[in-house]
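Residues per chain, in single letters:
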Amino acid sequence: MKAQHSLLPIAAAMLAATLGAAAPGAEEASATLSPQALQEIAQVEAEIDRIEAQTIGRLAIPPDNQVQQIELLGKLMLYDKQLSVNRNEACAFCHMPEAGFTGPVSELNRTTGSYPGSVRTRFGNRKPQSHAYAPLSPVLHYNSGQGDLVGGNFWDMRATGRRLGNPAAEQAEGPPTNPVEMGLPDIACAVYRASQRPYRALFESVWGQQAFAIDWPGDVEQVCAQPGPPPASEPTPVHLGPIDRGRAGTTFDQMAQSIAGYEASAEVTTFSSKFDAVLAGKAQFTTQEKAGYDLFRGKAQCNTCHRDGGPGEDPLFTDFTASNIGTPANPRLPYYAENRPDALGYVANPAGSSYVDLGVGNFLTNGHLLSHPSAVDARWLKLAPGNQARIQVPTLRNVDKRPDQGFVKAYVHNGYFTSLKAIVHFYNTRDVLPRCQPHDVGEGTTCWPAPESTDNMNTSRVGRLGLSDAEEDAIVSFMQTLSDGFMPVGQQ
Ligand code: HEC
Ligand code: HEC
């Protein structure tokens, strides 16, 4: 079932302005992005450069143990914009610490929800997730007791981890060649670019001297400067012999494993929130936070999906299953208007305004078109109908982490929500309030739009919670205790 995208003309007009631009690339950003967004982007880029320079400084005296060396390599790659086709977009562009390792541009969170790629006129279909805690997701598997798929990374679990034994590593292989993200035409380009970077020697000492011992073709620079996707007739445009191709694949795996190693490190996955301090007996909830936590685990049933731990289980605030909570479509996603060829002839979203994000079910049926996907296990195809439109339960750790009070964050897979209060109100009243009329000013308070899809929608635990306004506020207040940095890292 498809919802009406009443605001679609805005996204379409925005993108139309873009498509008039002469050529793609970093310079054309101004055609789509507002001055406010551009100013924030410039600040974020400067901060990425600063963190990168500081981290490169640590190469002078690298740590003496291999785990920490891998974490350092991972950080250097996460902040390396040279790994994108136009050398302008690091992973961190969509995942910065001050925003809880999710989107750091308030103006984009408030408007487009999704982020532009290295080709700045191409926006993705989803809101950036947090990369913290992601490596703690299990390898995707079917739990017959629960009757559910559990694990993997990405909103649709498509980074299964079944090839590398690590969902976050398989996740890190997605963005470099995703045409709407870092945009390289070939994974070998990521390896080639890494071979030119100051961390090369450390990489070789950790992963072996063979890592970059690849006979690069003379045109590699030129080929790798061409945004992907490559033509169907030539899926690997960097021409390598079979041994070098295999080596490039292995080195790419090791780059990804290094990144996942950093994401799992105590610098990122810190367990240093007020909630953790309360667990450790080093702090106390306020009355409101405590009331919120009781509701979270009781009347509001949040804990049934966003689990706060259990015997032998870390409180990660997700159970790594997927659900359809009935999130409305977000008509502000520029992706809906990406149904015409861009300046390079690429069409990101052939379905245009009729696109519906079918989440896990779509991955199980079709794989994923936009990024280097983990292979789909054909034996799981029968699970696709029951997973249609289901989205993986995200961790709530750092859900309120923001650089300042005025900073807007976007929530859920499509960024439809821009405040925690609105989400809690949605859980509370989805099935109580009427449908909104077009341009209804009550949207989000006295009415809700139709769900993006009603397939497999959860109606037992979501939609009619009977919470008062004060109870909604208390739950928000509890979620605010999940921001890391309350305790100094290493002292928890
Ligand atoms: C242009 C923005 C952008 C860039 C650049 C980007 N990401 Fe993401 N990231 C996203 C979005 C959007 C999602 C969710 C995508 C989806 O579910 O399809 C995501 C999801 C993730 C997740 C999954 C978290 C989870 O809990 O499942 C991790 C981990 C992550 N990104 C790490 C990275 C790494 C590592 C890089 C660089 C190699 C990177 N990202 C580059 C936007 C970006
Ligand atoms: C049936 C399982 C389930 C229950 C119960 C549930 N959630 Fe969720 N929650 C999800 C899923 C799935 C998503 C992602 C939805 C999407 O992207 O469309 C989500 C998303 C969220 C987000 C957005 C996080 C982000 O990073 O974007 C917040 C906040 C949240 N839930 C809070 C709560 C609270 C508070 C409650 C209780 C009132 C609750 N949830 C109950 C499954 C659940």
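Sequence order sets the numbering: in each chain, residues are counted from 1 along the sequence as written. Here the convention is simple: chains get letters from A, ligands get numbers from 1, in the order in which they are written. This being a predicted model, a pLDDT of at least 70 is required before a residue's local features are given, and a value of 80 or more before pairs of side-chain atoms are given or counted; all residues contribute to the totals for chains, interfaces and linings.

Caption draft 1: Structural context of the overall build of the protein chain. Only runs of H or I of at least four residues qualify as helices and only runs of E of at least two qualify as strands under DSSP, and these elements are numbered from the N terminus. Helix and strand counts for the protein chain come out as 15 helices and four strands. The globule rule used here is 2.2 Å times the number of residues to the 0.38 power, and the radius of gyration it is set against is calculated over C-alpha atoms. Computed over the C-alpha atoms, the radius of gyration of the protein chain is 22 Å, within 12% of the 23 Å expected from 2.2 N^0.38 for a compact globule of 492 residues. The principal-axis extents of the C-alpha atoms in the protein chain amount to approximately 65 × 50 × 50 Å. Pairs at least 24 apart in sequence give 73% of the contacts found in the protein chain among residues at least 6 apart. By definition, residues are in contact whenever their C-beta atoms, placed on the basis of the backbone, come within 7 Å of each other.

Caption draft 2: Up close: unusual backbone geometry. Following Gly228, the chain continues to Pro229 via a peptide bond in cis, the omega torsion being 0 degrees. Residues other than glycine seldom take positive phi values, yet Phe154 does so here, at roughly 85 degrees. For Phe154, the location among the structural elements is in the loop between β2 (148–150) and α5 (167–172).

Caption draft 3: Representation of the nonpolar core in the model. Take the buried Ala, Val, Leu, Ile, Met, Phe, Trp, Tyr and Cys residues, join any whose C-beta atoms are within 7 Å, and the set you get is a nonpolar core. Put plainly, a residue is buried at 20 or more neighbouring C-beta atoms within 10 Å of its own, exposed at 12 or fewer, and partly exposed in between, counting only other residues' C-beta atoms, which are placed from the backbone. Membership of the largest hydrophobic core comes to 99 residues, with the highest contact counts inside it found for Ala190 and Ile475. Apart from residues no more than four positions distant in its own chain, Ile475 is found in contact with Gly292, Leu295, Phe296, Ala300 and Val424. In this structure, Leu149, Trp155, Ala322 and Leu364 belong to the second largest nonpolar core, which totals 11 residues.

Caption draft 4: Summary view of the site of ligand 1. Near residues are defined by distance alone, with the backbone-placed C-beta atom required to lie within 6 Å of the molecule or strand. Residues in contact with ligand 1 amount to 28 residues; listed here are only the nearest, Cys91, Cys94, Asn153, Trp155 and Pro175. Of all the secondary-structure elements, those providing two or more residues to the shell around ligand 1 are α5 and α9 (242–263). Considering each element in turn, the shell around ligand 1 owes the most residues, three residues, to α5.

Caption draft 5: Quick look at the environment of Thr269. In this structure, Thr269 sits in the loop between α9 and α10 (274–279). Exposure remark for Thr269: the 23 C-beta atoms within 10 Å place this residue in the buried category. On a C-alpha basis, the gap between Thr269 and Tyr133 in space is 5.3 Å, while along the polypeptide they are 136 residues apart.

Caption draft 6: Focus on the site of ligand 2. Close to ligand 2 lie 25 residues, the nearest being Cys302, Cys305, Thr327, Val412 and His413. For the shell around ligand 2, the element with the highest residue contribution is helix α14 (residues 420–429), accounting for four residues. Gly falls in the polar group here, along with every residue not listed as nonpolar (Ala, Val, Leu, Ile, Met, Phe, Trp, Tyr, Cys, Pro) or charged (Asp, Glu, Lys, Arg). In terms of residue class, the shell around ligand 2 is built from 17 nonpolar, seven polar and one charged.

Caption draft 7: Broad picture of α14. With respect to burial, α14 is a largely interior element, eight of its 10 residues being buried. Inspection of α14 places Leu420, Ile423, Val424, His425, Phe426, Tyr427, Asn428 and Thr429 among the buried residues, and these make up the whole buried set.

Caption draft 8: Structural context of the environment of Leu136. On the secondary structure map, Leu136 appears in the loop between α4 (106–110) and β1 (141–143). Separated by 55 residues in sequence, Leu136 and Val191 place their C-alpha atoms 26 Å apart. Discounting residues that sit within four places of it in the chain, Leu136 has contacts with Thr269, Asp314 and Leu316.

Caption draft 9: Molecular detail of the packing of helix α6 (residues 187–195) against α9. It is the contact of α6 with α9, at a shortest axis distance of 9 Å, that shows an interaxial angle of 70 degrees. For the element pair α6 / α9, the angle class is roughly perpendicular. Here Ile187, Ala188, Ala190, Val191 and Ala194 of α6 come into contact with α9, specifically with Ala248, Gly249, Thr251, Phe252 and Met255. Grouping the amino acids of the contact of α6 with α9 by side-chain chemistry returns eight nonpolar, two polar and no charged. Between the N-to-C directions of two axes lies an angle of 0 to 180 degrees, each axis being a line fitted to C-alpha atoms and, for a helix, fitted only over the stretch in contact. Roughly parallel covers angles under 35 degrees, roughly antiparallel covers those over 145, roughly perpendicular covers 65 to 115, and oblique covers all other angles.

Caption draft 10: Spotlight on the packing of helix α11 (residues 287–297) against helix α15 (residues 469–479). At a closest axis distance of 7 Å, the pairing of α11 and α15 adopts a crossing angle of 100 degrees. Relative to α15, the element α11 is oriented roughly perpendicular. On α15, the residues touching Gln288, Glu289, Ala291, Gly292, Tyr293, Leu295 and Phe296 of α11 are Glu471, Ala474, Ile475, Ser477 and Phe478.

Caption draft 11: View of the environment of Glu173. Position of Glu173 relative to the elements: it lies in the loop between α5 and α6. Separated by 79 residues in sequence, Glu173 and Phe252 place their C-alpha atoms 7.6 Å apart.

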